[in-house]
Amino acid sequence: MSSYREIDLFGSGPHRTEVLRRGIETIRLGDLSTGSPGTVPIGDLELIVVIRGRLVASDEPGLWALREAIAAETEVSKGAGVLVDTRGRSFEDLWFVRYEESGAVDRGRAWTMGYEASFRRLSV
């Protein structure tokens with residue numbers, strides 16, 4: 001089970017976690033107007049973790065409740081939190097930076113909707 005700030009936001013349906021780029025941020029010296037060739041490191045890349053999945057509820061109000069619970073966690077005033085992925089790995093000090101719903105709501109025995117949630121360890 002995954003969680004963010006110890007809240008199960010994504011467990012209503014299938015979802016998977018992807019850790020994006022890691023490494024060192026660089027800049028070309030030419031971009032700094034130095035006239036010198038080469039590249040210099042400027043710091044570590046910010047860690048980015050993305051969760052993609054589907055929200056699943058028994059009815060429309062239930063689906064709206066799931067959507068609103070997730071959106072509420074993206075408020076900047078909430079600060080950073082710990083994200084635990086579906087394999088139990090913990091990522092500390094991540095900000096919930098983006099929540100995007102994808103595609104139409106599917107209606108049938110259950111109400112479902114795709115989404116993508118992005119978390120980032122900011123250099124603040």
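Our subject is the structure listed above.
Just so we're clear, the structure is a prediction, and the values are computed from it rather than from any experiment.

Asker: I tried to follow the sheet that holds strand 7 (residues 90–107) on my own but got confused; where do I start?
Answerer: Whenever strands of a sheet pair, they do so through backbone hydrogen bonds, lying parallel or antiparallel. Reading across the sheet, the six strands line up as 1-6-7-8-5-2 and stay open at both edges, with antiparallel pairing between neighbours. With partners counted over all chains shown, the strands left at the sheet margins are strand 1 (3–4) and strand 2 (15–19), one partner each. In the packing of helix 1 (residues 60–72) onto the sheet, the strands contacted are strand 5 (48–57), strand 7 and strand 8 (111–120), and the crossing angle to strand 5 comes to about 160°.

Asker: Teacher, can you tell me more about the pattern of salt bridges here?
Answerer: Charged atoms that come close allow side chains of opposite charge to pair. The full count for this structure, using the stated rule, is nine salt bridges. R54 is the partner of D106 in a salt bridge, and the nearest nitrogen-oxygen pair spans 2.8 Å. Of this pair, D106 sits in strand 7 while R54 sits in strand 5, and the two are 52 residues apart along the sequence. Classification of D106 by relative accessible area gives partly exposed; the value is 41%. R54 gets classed as partly exposed once you look at its relative accessible area, which sits at 29%. Beyond isolated ion pairs, a larger network of salt bridges with shared partners links R5, E73 and K78.

Rules used in this analysis
Residues numbered from 1 in each chain as written. Predicted model: local features only at pLDDT ≥ 70, side-chain atom pairs only at ≥ 80, totals over all residues. Heavy atoms only, no water. Pairing = 2+ DSSP bridges. Helix = DSSP H or I, 4+ residues; strand = E, 2+ residues; numbered from the N terminus. Contact = heavy atoms within 4.5 Å. Axes fitted to C-alpha atoms, helices over the stretch in contact; angles between N-to-C directions. Salt bridge = Lys/Arg side-chain N within 4 Å of Asp/Glu carboxyl O. Buried < 20%, exposed > 50% of the residue type's maximum accessible area, 1.4 Å probe, protein only.

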